[in-house]
Amino acid sequence: MLRIVMDSGGDLPADWIKENQIDIIPLNVHMDEEIFQENVDLSIDQFYDWVEKTGRIPKTSQPSPHQVIELYRKIAQSGDVILSIHLTSKLSGTYESAVIAAQELVNEPYQIIPFDSLAGTGIQGYMCREARQMDRDGAEIEQIIKRLEQIRDQSEIIFTLDTLEFAQKSGRVQKLESFLASVLKIKPIITLKEGALAAGDKVRTRKAALEFILQEMADRMGEKVINAAIIHAHDLKTALEISERIREFLNIKDMFIEELSIAIAANLGPGTIGIIAYPVDGGVS
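An account of the accompanying structure is given in this report. Treat the numbers as computed from the prediction; the structure is a model and nothing was measured.

### Some details on the pattern of salt bridges
In the structure shown here, the tally under the stated rule is 13 salt bridges. Where D135 meets R132, a salt bridge forms, and the shortest distance between an N and an O atom there is 2.9 Å. With D135 and R132 both in helix 5 (residues 121-136), this residue pair falls three residues apart, about one helical turn. Take D135: its relative accessible area is 26%, and that puts it in the partly exposed class.

### What about the environment of Y126?
If you trace the backbone, Y126 turns up in helix 5. Since its relative accessible area comes to 0%, Y126 is described here as buried. Along the primary structure Y126 and D11 are separated by 115 residues, whereas in three dimensions their C-alpha atoms are 8.4 Å apart.

### Brief notes about unusual backbone geometry
Even without being a glycine, N39 presents a positive backbone phi close to 65°. As for its position among the elements, N39 is in the loop between strand 4 (34-37) and helix 2 (44-54). In this model, T121 sits at a positive phi of 45°, which is unusual for a non-glycine residue. Summarising the element assignment, T121 is placed in helix 5. Given a relative accessible area of 2%, T121 falls into the buried group.

### Notes on the side chain of S155
One can find S155 in the loop between helix 6 (141-154) and strand 8 (156-160). Beyond its immediate stretch of four places on either side in the chain, S155 contacts I123, A277 and Y278.

### Considerations on the packing of aromatic side chains
On inspection of all chains with the given rule, the structure shows five aromatic pairs. When the centroid spacing of 5.3 Å and the interplanar angle of 70° are considered together, the rings of W16 and F256 count as edge-to-face. Residue W16 is located in helix 1 (residues 14-19), and its partner F256 is located in strand 13 (residues 251-259); the two are separated by 240 residues in the primary sequence. Taking the centre distance of 5.2 Å and the plane angle of 45° together, the rings of Y126 and F256 count as tilted. Taken together, the residues Y126 in helix 5 and F256 in strand 13 connect sequence positions 130 residues apart. Across from the ring centre of W16, 4.3 Å away, lies the NZ or CZ of R129, which sits over that ring.

The rules behind the values
For every chain, the first residue of the written sequence is number 1, and numbering continues from 1 onward in sequence order. Note on the predicted model: pLDDT of at least 70 is required for a residue's local features to be given, and 80 or more for side-chain atom pairs to be given and counted; whole-chain, interface and lining totals, by contrast, use all residues. Values reported for side chains reflect all heavy atoms of the structure, with hydrogen atoms and water molecules removed beforehand. Salt bridge, as used here: a side-chain nitrogen of Lys or Arg that lies within 4 Å of a carboxyl oxygen of Asp or Glu. Secondary structure is summarised from DSSP: a helix means a run of H or I of at least four residues, a strand means a run of E of at least two, and numbering begins at the N terminus for each. The buried label goes to any residue with under 20% of its type's maximum accessible area, the exposed label to any with over 50%, and the partly exposed label to all in between, with areas taken from a 1.4 Å probe on protein chains only. Between two residues, a contact is recorded if the distance between any of their heavy atoms is within 4.5 Å. Side-chain rings of Phe, Tyr and Trp, where Trp is taken by its six-membered ring, are said to pair if the distance between their centres is within 6.5 Å; with planes under 30 degrees apart they count as stacked, over 60 as edge-to-face, and otherwise as tilted. Only when the NZ of Lys or the CZ of Arg is both within 6 Å of the ring centre and within 35 degrees of the ring normal is a charge said to sit over the ring.

This is the structure:
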């Protein structure tokens, strides 16, 4: 059987996770002296409440190889293949933990294949969903990996931030310091490029920034039939507003709206709105 694992840095609706039998390895969130596991003993609402009350931004960290090994041993049976799809290795060490865990378990009677999404959020979630759909259609693991590589190469992720505070403190966004030095009171556009977050265009108002990400994704995707998602950080109202307009810009097959994981929200901040997309017609025969 194919077992599919995703870390909590990926975003997918809960019913899709259940339907596609995806196991989740939680990322760690450090609050003062305590360490919590995302969506296990720390909810997204508790995260934002803590940030609001303390005025601080918690650190996040990858699961240890030991934590990953425990999950693999829990879910695997003899003859299984575990496909473990993870947050970009340029922002997180989770993929590396999966690689170390796979090496530790090399003599077990099941195969482990770690996969670096070079993305995260909804793209990572869609990868897991497509892997399960292909598996149910009888595809071999080599075909599934080829399709995941294709999604990785063809996907686009664009965010607009409502605050600069989180990105500035996290230091995870490339070229952000010079970006901040040159412009005041702007709504930055952030893209995920080659697995890393990078500051992009400079937009002065929230309304203009939201319009920009819609048009920018339309420019990148053109007339292609795509799967898409609207990702938000504690701003469902704006995500729903974007969802009412997005089909004016994009030729969408499947779409979902989902809250941004703590692992990424801690780097981008509340009010972040993102659009993710990739073509659906590049499947592997």
